Each structure stands twice: as C-alpha cells, then as structure tokens.
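As a plain string of letters, each chain reads:
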Amino acid sequence: MKNNLLIMPIVSIAFLMLFSCSAKVSWDDAVRIKQDSAYKYIAHPKTKNFRSGSTLRGEVKKIEVIGYPDSCPMNNWVYKSFVVFVDSSVKKRNFKERIPLEDIDLIGQKVKLPQNQYGNINYFENYNDPLLPRMLREVPVDTLYRDTCSTPCNCKPLTVDFDLDLEVPCLLCIECPDRELQKYFLEIKPGYSIYNDFNAFSKKIGRDDWTADIAFGLRFGSSRRWGIGLIASTGVRTFNQFDSSLSRRFSINLYGRYELLRDRFTRSINISDTSVKETPEMFTYDTIVVPKSCECPEEGDSLIIIQKINPSYLVEVKNRQIVEEYEKRPCFVPFVYGLFGLSVDKFSVELMQLSFNNDCKKKVDAKAPDLDISLPLNIGFGIGFEVPISRKIDFSTDLGFRSISYADKTNNLSFVSPTRKRINSLIFRIGITI
C-alpha cells in the first residue's frame, strides 16, 4: 500500500514534466503598418536591430484593450487598444511589444468576412502568403480596466504592463541560444590520449597521457559548415631509446572540420510589381444550371454558384513572390574533423634536416634496419558534437584517432643519427569552440 502511495506522486510529477516539454505552437504572422507610421518600427525597441517597418514578421499573441477613467471622479471609460506582438528575431527570448492599433493596417476589415463582435480587428494574415487574404488567423481579445483615479498619478495611465500569460516551466528543457557563427573559428581543447609506445627493449607497451590542442582557421560555405586552418598540439610523451627519457612530441598540422547537420527552411520574399497598375478580381464565379425535375414541372431550373480563386490572380501573386531556401544551425551539431602535419620537437626537426641534406645522407647507412629517415608525418581524424552555451561560444567534445610520427635517436656508423618511429593513439577531447 505504501509503495502505491509513492508511485502515484512520482508518475504525476513525470507527466507534468513531459507535458511542460511538449512542442509549443507558434505562428508566422504578418502585421502591416500604415505608411505614415512605418518609420516608428524600422528598429526593434529592445534589440535595436533593423527590420522592415512596413510589414512586421512574428507572432501576434493577442489584442489588448485597456480601459482608463476619462476623468477623476470618473464619468466614463476611455479605451486604448494594442496588438501584443513578438518579432521573429526575438522569438526565443519572447520580447513582447505593444503596438497601438491605430498604427496598424487591419486586413480583417478589408476582406469580405462575416463581422464578429470585435469588428474583425483581430484577424491577421500569414506571412508566408501575405497576398492571399483568405489565409487569416483570429487572435483573442483581452479587455483590462485600470482605475487610475485610485492612485496618486494625476489620472495618467499606468506605465507598467502586467503580462498575465503564465506558462508551466519545463524542468528538463534546455533553451538553446541563437548561435552566431563568425568568419573564423578558434578551438581550445584539452584531451586524454591512450596510445602504444616502445620500452627500452623496443617492445610495444601501452601508455596514457594528457594533451592539449589549439586550432584556428576560417569558416566557409553559405551556412559556414566548413572550417580550414591550423592546429597546434602538445602531443604525448614517448620513450627515447638513446637516453631512456620521456619527451613530449609537439606538432603543427593542417586542420579541417565539417558540421554534419543544418535545418532547412523556406521563406517568401515579396517583390512590388510597378508594371501591374490594376489588380484583377480575386474571385471568379461558375454558374451551374440544374434542369427542373420532371416530377415537379411547376419548379423552375435551379442555379448553383461556385466561388473560385481567379487563376490570373494566383499568377500575379506568384510573380510577386520569390521562394528562397536557407539553412539554420540546429542546437545539437555533430561534426567530423581531420588533420595532417609534422611533429616539430627537437629530434623531429633534426630528422627533417637529415632528410633534405644529401651530404648528411651519404654519411649514414640508410639501409640499416633500425634507421628510417623519412619525414615524421602525422595523420588523424575524429567525430564529435557541439552545443551552444552562448551566442558566441560552443561546448565541444569529440573522440578521434591519430597516427603520430616522431624522431628517436640511434647509433649508425659511429654517428648518433635521428630515426623515425610511429605510434597510434585514441584521443578524447573536451573544450570550447568560438
């Protein structure tokens, strides 16, 4: 019995959390501003970002009608109406602005619709198809009364607006910032590597070590999915046969990365066509004559009228719109990377000098089994993911494979000569990407 009493609250809490994380319905509305008021709205009031002042794009939450006393003591109520609107550029931050109704060119009063109790002021068109007035949405209308006579404000309206739109908070949902990718990228990633090494008897042994990478480069592509640059790595410590010490193998490599996912969207761009002086009628009507029934000769022929959209109007709408596809970076972004370069520690630099110096090559036995004077080239690749933690920075982690070539020393014809060796490693990195 006690277990049942515990299970019920747990199930209820889990259901509430899942419900609060359900997808929220949002709308893509167009709010048309009157020509003489458009200058007021060319910049967002909070972010100051520029936008089209004649047609605002976003979501209309509601129409808010606020009643104030006309005098103190009050004789009648006077009303001021606003459209509560969230611009598409600040959708996730939910910055609401209140636009006076007298500044708005109301589409609901221009089309042939049955009059509702608000005189059709609460109809707004869809932005994706703004030239088709039939694509309309009705929004709620809230009326608030504020008795300013009861406050010592000389009958001036209150300036504080209380937002009564309450939402259940989501305990498990993470708000993803809108990531702004720059033309360049910078990665700072410490890592942990597991690799094979050689002991004093030239036998392979397992070893692990900490390492760190710094990468810098440029982003390319329409949505900046590609990145090309350089990566500097502290490398891992390896055993030196010549003096039985451990040396860290620093390297510089070419570095490339590619982000695997982008969300694809479409948007319609309206183009004013000055060559069309007169817009054709939106609707056409087909009349169908139904002959009178033979059983009832006293009845005349019946007429059925069918309303359709004028095809020439649809052609004109299509000519005034350009549908453009664009990509947007999602919150969770998997990526792949690859690198190719050289180890540049002290011994490896000496090996490269020997490889390019023909006089030095003649002084060593290049055919000796323990001598390899080829270049210490590295290669690596990996896969990981990034999640934005701010508009400028990603949290990033990945798992990769690296084949690291470096130089050791050996005795050859009474000379101490550098020789190339290679190890393979698995590396796990975690850090940030700018």
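Our subject is the structure listed above.
Quick look at the structure, then.

## Things to note about the overall build of the protein
Here is step 1 of the chain: When helices and strands are counted, the protein shows 4 helices and 21 strands.
Here is step 2 of the chain: Counting across all 434 residues of the protein, residues that qualify as buried make up 36%.
Here is step 3 of the chain: Restricting to contacts in the protein with at least 6 residues of sequence separation, those with at least 24 account for 66%.
Here is step 4 of the chain: Of the roughly 26,700 Å² of accessible surface on the protein, a fraction of 61% belongs to carbon and sulfur atoms.

## Here's the deal with the pairing of strand β4 (residues 96-100)
The side chains of a regular strand alternate, residue by residue, between the two faces of the sheet.
Here is step 1 of the chain: Across the 5 residues that make up β4, a large majority, 4, are buried.
Here is step 2 of the chain: Where strand β3 (residues 77-87) and β4 come together, 5 bridges link them in antiparallel fashion. Pairing of Phe85 across the sheet is with Glu97, part of β4.

## Let's talk about the packing of aromatic side chains
Here is step 1 of the chain: Taken as a whole and assessed by the stated rule, the structure comprises 7 aromatic pairs.
Here is step 2 of the chain: Ring plane angle 45° and centroid distance 4.4 Å describe the contact between Trp226 and Tyr258, whose orientation is recorded as tilted. Of this pair, Trp226 sits in strand β10 (residues 226-233) while Tyr258 sits in strand β13 (residues 251-259), and the two are 32 residues apart along the sequence.
Here is step 3 of the chain: The partly exposed category is assigned to Trp226, whose relative accessible area is 49%.
Here is step 4 of the chain: Look at Tyr258 and you get partly exposed, because its relative accessible area is 22%.

## Observations regarding the nonpolar core
Here is step 1 of the chain: Counting residues in hydrophobic clusters, the biggest one holds 17 residues, and the most contacted among them are Val31, Ile63, Val83, Ile104 and Phe124.
Here is step 2 of the chain: Elements with a minimum of two residues in this core: β2 (55-69) and β3.
Here is step 3 of the chain: The element best represented in this core is β2, accounting for 4 residues.
Here is step 4 of the chain: Ignoring any residue separated from it by four or fewer positions in sequence, one finds Val31 in contact with Ser54, Thr55, Leu56, Val60, Phe85, Ile104 and Phe124.
Here is step 5 of the chain: Within the second largest apolar cluster, 8 residues are counted, among which are Phe185, Tyr255, Tyr337 and Ile427.

## Some thoughts on the side chain of Ser81
Here is step 1 of the chain: Relative to the elements of secondary structure, Ser81 occurs in strand β3.
Here is step 2 of the chain: Once you skip the residues sitting within four places of it in the chain, Ser81 turns out to touch Glu64, Val65, Ile99, Pro100, Leu101 and Glu102.

## What to know about the side chain of Arg225
Here is step 1 of the chain: Within the secondary structure, Arg225 is located in the loop between β9 (204-220) and β10.
Here is step 2 of the chain: A polar side-chain atom of Arg225 sits 2.8 Å from the main-chain carbonyl oxygen of Leu260.
Here is step 3 of the chain: Discounting chain neighbours no more than four positions away, the residues touching Arg225 are Phe220, Arg257, Tyr258, Glu259, Leu260, Leu261, Arg262 and Glu327.

## Overview of a nonpolar patch on the surface
Here is step 1 of the chain: A cluster of nonpolar side chains, Ile188, Ile214, Ile389, Phe395, Leu399, Phe428, Ile430 and Ile432, forms an exposed patch at the surface whose accessible area comes to about 690 Å².
Here is step 2 of the chain: Looking at the nonpolar patch, the elements with two or more residues in it are β20 (394-412) and β21 (415-433).
Here is step 3 of the chain: Sort the elements by how many residues they give to the nonpolar patch and β21 lands first, with 3 residues.
Here is step 4 of the chain: Following the sequence through the fold, Phe395 ends up in strand β20.
Here is step 5 of the chain: Exposure remark for Phe395: the relative accessible area of 31% places this residue in the partly exposed category.

## Describing the pairing of strand β8 (residues 184-198)
Here is step 1 of the chain: When β8 meets β9, the two strands line up antiparallel, connected through 15 bridges. By the bridge assignment for β9, Ile194 is matched with Asp208.

## Comments concerning the pattern of salt bridges
Opposite charge on two side chains lets them pair, provided their charged atoms get close.
Here is step 1 of the chain: Summed over all chains, the structure comprises 34 salt bridges.
Here is step 2 of the chain: The residue Asp28 makes a salt bridge to Arg57 at a minimum N-O spacing of 2.8 Å. Taken together, the residues Asp28 in the loop between α1 (2-20) and β1 (29-32) and Arg57 in strand β2 connect sequence positions 29 residues apart.
Here is step 3 of the chain: Classification of Asp28 by relative accessible area gives buried; the value is 18%.
Here is step 4 of the chain: When its relative accessible area of 23% is taken as the criterion, Arg57 is described as partly exposed.
Here is step 5 of the chain: In this structure, Arg32 and Glu125 form a salt bridge, with 2.8 Å as the shortest nitrogen-oxygen distance. Of this pair, Arg32 sits in strand β1 while Glu125 sits in strand β5 (residues 123-126), and the two are 93 residues apart along the sequence.
Here is step 6 of the chain: Residue Arg32 is classed as partly exposed on the basis of its relative accessible area, which comes to 24%.
Here is step 7 of the chain: Overall, the relative accessible area of 2% leaves Glu125 in the buried class.

Reading the values: the criteria
Residues numbered from 1 in each chain as written. Predicted model: local features only at pLDDT ≥ 70, side-chain atom pairs only at ≥ 80, totals over all residues. Heavy atoms only, no water. Helix = DSSP H or I, 4+ residues; strand = E, 2+ residues; numbered from the N terminus. Buried < 20%, exposed > 50% of the residue type's maximum accessible area, 1.4 Å probe, protein only. Contact = heavy atoms within 4.5 Å. Areas by Shrake-Rupley, 256 points an atom, 1.4 Å probe, with all protein chains shown as cover. Pairing = 2+ DSSP bridges. Phe/Tyr/Trp six-rings, centres within 6.5 Å; stacked < 30°, edge-to-face > 60°. Core = buried A, V, L, I, M, F, W, Y, C linked by side-chain atoms within 4.5 Å. Polar contact = N/O pair within 3.5 Å; in protein donor to acceptor, adjacent residues only side chain to side chain. Patch = residues over 30% accessible without salt bridge, like charges linked within 9 Å, V, L, I, M, F, W, Y side chains within 5 Å. Salt bridge = Lys/Arg side-chain N within 4 Å of Asp/Glu carboxyl O.

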